[in-house]
Amino acid sequence: MAALDLEIGSSSSSSSMPPKVIRFLSCLLQRVADSNDVMMTQFCGGGGGGGSMSIFHGLSRPNISIHSYLERIFKYANCSPSCFVVAYVYLDRFAQKQPSIPISSLNVHRLLITSVLVSAKFMDDIYYNNAYYAKVGGISREEMNLLEVDFLFGIGFELNVTPTTFHTYCSHLQAQMAILQSPPFPLQPSAARSSLSVHHCCYNEDDSTHQQQLAV
C-alpha cells in the first residue's frame, strides 16, 4: 500500500511526471534544512547550517531548490523510484550515526546526490558511473568520489534495506507529508531547547522502536 501510494512501482525514470516520492521527500528535506538552519542560528549565533563542517558542506546555499534538484536527479539519473526511498533510509542512517552533521541548506544537496548514487548502485542492475552523477549533481568527478566514500563510512557501510524497513519508511514518509500539510502549531520553548535539530521519528532497525533522529 505504501509503495503504491508513493508511486514507486512505476517506471518513472522515463516518465515526464516525477512520482510522489520525489515531492514528498523534497518537501520533507526542505522543512528539515530550514528548521535546522533556524535552530543553528539561534543556538550558535552563526549562519544557517551550523554543526560540524564536513565534506558535504558548501560555502553558500545552492541557487537550485531541493525540489528542483531532486527532480533533476530523477530526470537524468534514470534510477528506479525505489532508490529514492532507499536514499531516504540512508540519509536517516547518516543522521543517526553523524549527529554532529545536521542536514542543512549547506549540505543537503551533496547528501542527496550521494545517497541516491549509493542507493542506485545497491538497488539497480544498471546505473550510471560517478562521473555522470557528478555532472547531474553539478560537482566534479573527484568530489563525487570523495563524497561517496565519506558517506559510506558515515553510515558504517550499512547498505542492506529489508522489505520491512523499506515499507516502514514509505509509511513514515507518507505520515510526515500528512503532518507537513496540516496547519502548523507553535513549538513549545522546552521542545526548542531540547536539541539543535527539529526531529521527526525514524524507524530504528536494531530494536524495532521509533527514535527521534533525522532532521525534521
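About the criteria used
Residues numbered from 1 in each chain as written. Predicted model: local features only at pLDDT ≥ 70, side-chain atom pairs only at ≥ 80, totals over all residues. Heavy atoms only, no water. UniProt positions renumbered as here; feature names shortened; annotations may be inferred. Helix = DSSP H or I, 4+ residues; strand = E, 2+ residues; numbered from the N terminus. Buried < 20%, exposed > 50% of the residue type's maximum accessible area, 1.4 Å probe, protein only. Contact = heavy atoms within 4.5 Å. Areas by Shrake-Rupley, 256 points an atom, 1.4 Å probe, with all protein chains shown as cover. Polar contact = N/O pair within 3.5 Å; in protein donor to acceptor, adjacent residues only side chain to side chain. Phe/Tyr/Trp six-rings, centres within 6.5 Å; stacked < 30°, edge-to-face > 60°. Expected span 1.5 Å × (residues − 1). Arc of directions from axis to C-beta.

Under the annotation held in an unreviewed UniProt entry, the protein chain carries the name Cyclin and is attributed to Linum tenue. Entered under Sequence similarities (unreviewed entry) in the UniProt record, the comment concerning the protein chain runs "Belongs to the cyclin family. Cyclin U/P subfamily."

K.L.:
Describe the overall build of the protein chain, listing the residues and the values that go with them.
P.N.:
Summing up its helical and strand segments, the protein chain has nine helices and two strands in all. Counting from the amino terminus, helix and strand elements in the protein chain follow one another as α-α-α-α-α-α-α-α-α-β-β. Considering the protein chain as a whole, with its 216 residues, one finds that 47% of them fall into the buried category. Expressed as a percentage of contacts within the protein chain between residues at least 6 apart in sequence, the contacts between residues at least 24 apart total 78%. Surface accessibility of the protein chain: about 10,500 Å² in total, with carbon and sulfur atoms responsible for 55%.

K.L.:
Can you tell me about the environment of Asn107, naming the residues and giving the values?
P.N.:
As for its position among the elements, Asn107 is in the loop between helix 4 (82–97) and helix 5 (108–123). Among the residues examined, Asn107 registers a relative accessible area of 0% and is labelled buried. Measuring from C-alpha to C-alpha, the distance between Asn107 and Arg61 comes to 8.4 Å, with 46 residues separating the pair along the chain. Once you skip the residues sitting within four places of it in the chain, Asn107 turns out to touch Phe56, His57, Ile101 and Pro102. Within the structure, Asn107 has its side chain in polar contact with the backbone oxygen of Pro102 (distance 3.0 Å).

K.L.:
Could you give me a rundown of the packing of aromatic side chains, with the residues and numbers involved?
P.N.:
Aromatic ring pairs: the centre-centre distance and the angle between the two ring planes describe each pair. The full count for this structure, using the stated rule, is seven aromatic pairs. Each ring, one from Phe56 and one from Phe94, has its centre 5.5 Å from the other, and the planes form 80 degrees; the classification is edge-to-face. With Phe56 in the loop between helix 2 (20–44) and helix 3 (66–77) and Phe94 in helix 4, this pair connects stretches of sequence that are 38 residues apart. Pair check on accessibility: Phe56 and Phe94 agree, each one buried. Each ring, one from Tyr88 and one from Tyr169, has its centre 5.3 Å from the other, and the planes form 85 degrees; the classification is edge-to-face.

K.L.:
Account for helix 3, with residues named and values stated.
P.N.:
For helix 3, spanning twelve residues, the distance from its first C-alpha to its last is 16 Å, which sits close to the expected 16 Å at 1.5 Å a residue. Those residues of helix 3 lying buried are Ile66, Tyr69, Leu70, Ile73, Phe74 and Ala77. Viewed along the axis of helix 3, the buried residues span an arc of 135 degrees, placing them on a single side of the element. One or two steps after helix 3, the chain reaches Asn78, where phi turns positive at roughly 60 degrees.

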